[in-house]
Amino acid sequence: MTMKLDPNMAITALLAVLLLSAAACSDRNAQARLAMTAADSLMTADPQAALDTLMTIDSTDAAGLPRADRALYTLLRTEAEYKCYMPVAGNTTISEAVDYYRRKGPEDRLARALTMQGAVLSESGDPDGAMLAYKEAEPLLEQSGDLEQLGLLHSHIGALYKASTVNDSAALTRYYKAMECFEKAELHERQMSTHLSIATMLFILDSSDKAVPHLEKGLSMAEALHDTLNMLSAYSLYAFKEQSTGNLAQIAKRAEQLYEEISVPSLIEEDIINSINYCGVELFMNAGIQDSALLFLNCIRMRDEVDSLSYYTAMARLYEKEDNTKKATECLRAANDITLQILKEGYDSQLIEVEKKYDNDILSEKLKVSRNRITALTVLVLLAVAVSIIIYLVSKNKARKRELILRNAVNDLQSLRAELLSKQDETTRLHSRLHDTEASMEHLKKQIETEAKKHNQEAEELKNLRESFVSQATSNQELLTLNGKMLGMTKTLADICYIYEGSPNMPGKVEEAVKSILSDEDTLNNILGKMLELTYPGFMTGLSKEYPSLNDSDRKLIVLTCCGFSSNTASVILGISVQNLNARKYRIARKMGIDGRISSFMKKKLSEYSAPIIKLA
């Protein structure tokens, strides 16, 4: 029976081979889109579940998403982290999402991205930039009718006004607008938080009679929802306004009981319980009940240097009230040591952050600017010290002149001697500060030398990367040549089918043409080697080093297996029977020490393979 060969089949087979590698990437993108859709639907009801869903997307896959999907991923990830009370100050990619939605739309996502950009800028210490982002988002949210997002925006703006300390009434107005939005949308958790925010502002504005109803409402809603964080926040507000030591003790007891029920307290919850204890320390200390103040002080959770600083400062005040000057001085000395440690750690962490944030060129420029600023700040500090000394000496001289009228000559000589000793102390301190400044300059010099070394290393890495790109371009040219050969083979097969259609000689002609092309060893090696090398650069080189006993024939069969060719197809390409092919696979597996099938082993090996890349600092 004569068999007809459809010319389109050859083209279809070639396209299928070329699209195999793209299929895996498309599958990953589709899975990432499904995860983002699920996270978006969970964002309002369960932000933690939304964040957990987004965490299933690998960071490498996220970076390789199309621009639209990458912008949505950035927006959702920022929203989820912010709603889960995670810090977002270091998020620099939200601005890319804002730029994308500003150019491409839609406006509702632009409004959400601007709101998150405002939150990031606010946490980063840029209230002006945050306010600009919020103001741009406000008309878009009003037009979209998204009550939850609009209410959150009013809350964010209210928080900015509250932080300014001069716009308390404007902050209160924004919180009332947020409450109106949340009530219309029937968002009870948002209403609860807003009640507590309004109560806080009213306490600041000395309107306790208006604040108490909001505080009671917020606490009752938190208890109904069993929201421990907002319950503790309400107790903290009660403690802040309370003037009775008895009532404060009851509030602190209820807060402590609630805190003990939390299996894993968060940092915010620890801060709140500490603030309640600090309120107890202040109230009992002012009331002269030192024992109770000390009891509250010992209930404070000591988590870091800031807590230790607050503890020693409060202890110093307690000792001062007890006229124990020695203990008070020891506590103040410990507090000063902790302050210096905090300043040192902050300085070190700032340097580390600068090193991570900028590339070499920008970092060099920033270091120049920083050096100039440090010099200017040093001069300003020295000037400030000099002015302070002058002011101090002037005020002291004025007081001394008033005393000279009442003192006799002996007291005058003693005063002059005390002044001389004071100047000597000031000179000693100035010498000490000068020595510290010289040490700082020497440290900065070493840092600059270190950055110069990093610059040379990165220049070498850029050179290697350029050579890699040149090599890649050469490989791409070879693949274009190979593609031309394959298209030529397709045309030859099509011509044979057209000329010998219906003829018994057609299968033989087709077989001769295919063998003549596949018998070209260079062409076959390019088909196999280049396809695998482009998909998994350096894989075969590494495999040959790991298994040096493999010969060229073994490696050719391994490449066919890695490219996904079936046993029948591989046997035709190699010109051997399927039985011989399977026997060769068995022998290769034994060489490599593999117990199972070589195809399964190579599939696992490829899935775990990560091509070496050149990393830049």
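Bear in mind that the values here come from a model prediction, so they are computed numbers and not experimental data.

S.K.: Which residues make up the overall build of the chain, and what are the values?
M.R.: Regarding its fold elements, the chain presents 26 helices and zero strands. Burial analysis of the chain (617 residues in total) assigns 33% to the buried set. In the chain, the share of contacts with a sequence separation of at least 24, taken over all contacts with a separation of at least 6, comes to 58%. With the model as given, the accessible surface of the chain reaches about 37100 Å², and the carbon-plus-sulfur share is 56%.

S.K.: Which residues make up unusual backbone geometry, and what values do they have?
M.R.: Cis geometry is found at the peptide bond from Gly-105 to Pro-106, where omega equals 0°. Counting through the fold element by element, Pro-106 comes out in the loop between helix 5 (94-104) and helix 6 (107-123). The backbone of Glu-186 shows a phi angle near 55°, a positive value even though the residue is not glycine. Position of Glu-186 among the secondary structure elements: in the loop between helix 9 (168-185) and helix 10 (188-204). The phi angle at His-226 is positive, at roughly 50°, despite the residue not being glycine. When its relative accessible area of 54% is taken as the criterion, His-226 is described as exposed.

S.K.: Kindly report on the packing of aromatic side chains, identifying the contributing residues and their values.
M.R.: Evaluated as defined, the whole model comprises five aromatic pairs. Note on Tyr-536 and Phe-539: the rings are 6.4 Å apart at their centroids and 55° apart in plane angle, and the pair reads as tilted. Cluster of aromatic residues (ring-pair linked, three or more members): Tyr-536, Phe-539 and Tyr-609. Residue placement shows Arg-590 over the ring face of Tyr-586; its charged tip is 4.7 Å from the ring centre.

S.K.: Let's hear about the packing of helix 22 (residues 539-546) against helix 26 (residues 598-608): which residues, and what values?
M.R.: Helix 26 packs onto helix 22 with a crossing angle of 120° between their chain directions and a minimal axis gap of 12 Å. Judged on the interaxial angle alone, helix 26 and helix 22 are oblique. For the pair helix 22 and helix 26, the sense of crossing is right-handed. On the side of helix 22, the interface is formed by Phe-539, Leu-543 and Glu-546, while helix 26 contributes Met-602, Lys-605 and Leu-606.

S.K.: Please provide a residue-by-residue account of the side chain of Arg-584, values included.
M.R.: Relative to the assigned elements, Arg-584 resides in helix 25 (residues 578-592). No salt bridge forms around the buried Arg-584; measuring N to O, its nearest opposite-charge neighbour Asp-554 is 4.9 Å away. In this structure Arg-584 touches Ser-553, Asp-554, Leu-557, Leu-574 and Ile-576, once residues within four positions along its chain are discounted.

S.K.: Now, about the nonpolar core: what can you tell me, with residues and values included?
M.R.: Ranked by size, the top nonpolar core spans 93 residues in total, and within it Met-36, Tyr-101, Leu-215, Leu-232, Ile-276 and Leu-297 carry the most contacts. Here this core takes eight residues from helix 12 (residues 228-241), the largest share from any one element. Those residues in contact with Leu-215 that lie beyond four places of it in its chain are Leu-196, Ala-199, Phe-203, Ala-234, Leu-237 and Tyr-238. Counting 22 residues, the second-largest nonpolar core is a separate cluster that includes Leu-543, Val-559, Cys-562 and Leu-606.

S.K.: Tell me about the pattern of salt bridges, and please be specific about residues and values.
M.R.: If charged atoms from side chains of opposite charge come close, those side chains can pair. One pass over the full model with this rule turns up 17 salt bridges. A salt bridge links Glu-180 to Lys-184, with the shortest nitrogen-to-oxygen separation between them at 3.5 Å. One end of the pair, Glu-180, and the other, Lys-184, are both in helix 9, four residues apart, so they sit about a helical turn from each other. Judged by its relative accessible area of 55%, Lys-184 is exposed.

S.K.: Account for helix 24 (residues 567-574), naming residues and giving values.
M.R.: What helix 24 keeps buried is the set Ala-570, Ser-571 and Ile-573. One side of helix 24 holds all its buried residues, which, seen down the axis, span an arc of 165°. For helix 24, the exposed residues set more than 90 degrees away from the buried face come down to Asn-568 and Val-572. Gly-575, located one to two residues past helix 24, shows a positive phi value of around 75°.

S.K.: Quick rundown of the packing of helix 10 against helix 12? Include the residues and the values.
M.R.: Contact geometry for helix 10 and helix 12: axes closest at 11 Å, N-to-C directions at 15°. With respect to helix 12, the axis of helix 10 lies roughly parallel. Here the hand of the crossing between helix 10 and helix 12 comes out left-handed. Facing helix 10, whose interface residues are Met-192, Ser-193, Leu-196, Ala-199, Thr-200 and Phe-203, helix 12 presents Asn-230, Ser-233, Ala-234, Leu-237, Phe-240 and Lys-241.

S.K.: Tell me about the confidence of the model for the chain, residues and numbers included.
M.R.: Mean pLDDT over the chain works out to 78, with 82% of the residues at or above the 70 mark. Put simply, helix 1 (residues 7-42) is where the chain has its lowest mean pLDDT, 64, and helix 5 is where it has its highest, 91. The model gives residues 1-7 a pLDDT under 50, and that stretch makes nine contacts with residues more than four places away or in other chains. Here residues 13-24 is a poorly scored stretch, pLDDT under 50, and it has five contacts once near neighbours within four places are set aside; other chains count.

S.K.: Help me get a handle on the state of the cysteines, residues and values and all.
M.R.: Going through the model one piece at a time under the given rule, you end up with zero disulfides. Free of any disulfide, Cys-562 has its nearest neighbouring cysteine sulfur in Cys-563, separated by 6.9 Å. Take Cys-562: its relative accessible area is 14%, and that puts it in the buried class.

S.K.: So what's going on with helix 25? Residues and values would help.
M.R.: Here helix 25 contains 15 residues, and its C-alpha end-to-end distance of 21 Å stays within 8% of the 21 Å for a straight helix at 1.5 Å per residue. Here helix 25 has its buried residues at Leu-581, Arg-584, Lys-585, Ile-588, Ala-589 and Met-592. The buried residues of helix 25 occupy an angular sector of 140° when the element is viewed end-on, so they sit on one face. Residues of helix 25 that are exposed and point more than 90 degrees away from the buried face comprise Gln-579, Tyr-586 and Arg-587. On its buried face, helix 25 is in contact with helix 22, helix 23 (552-562), helix 24 and helix 26.

Conventions we followed
Residues numbered from 1 in each chain as written. Predicted model: local features only at pLDDT ≥ 70, side-chain atom pairs only at ≥ 80, totals over all residues. Heavy atoms only, no water. Helix = DSSP H or I, 4+ residues; strand = E, 2+ residues; numbered from the N terminus. Buried < 20%, exposed > 50% of the residue type's maximum accessible area, 1.4 Å probe, protein only. Contact = heavy atoms within 4.5 Å. Areas by Shrake-Rupley, 256 points an atom, 1.4 Å probe, with all protein chains shown as cover. Phe/Tyr/Trp six-rings, centres within 6.5 Å; stacked < 30°, edge-to-face > 60°. Lys NZ or Arg CZ within 6 Å of the ring centre and 35° of its normal. Axes fitted to C-alpha atoms, helices over the stretch in contact; angles between N-to-C directions. Parallel < 35°, antiparallel > 145°, perpendicular 65-115°, else oblique. Left-handed = near helix turned anticlockwise from the far one by under 90°. Lys, Arg positive; Asp, Glu negative; His and termini not counted. Salt bridge = Lys/Arg side-chain N within 4 Å of Asp/Glu carboxyl O. Core = buried A, V, L, I, M, F, W, Y, C linked by side-chain atoms within 4.5 Å. Arc of directions from axis to C-beta. pLDDT = per-residue confidence, 0-100. Disulfide = S-S within 2.5 Å. Expected span 1.5 Å × (residues − 1).

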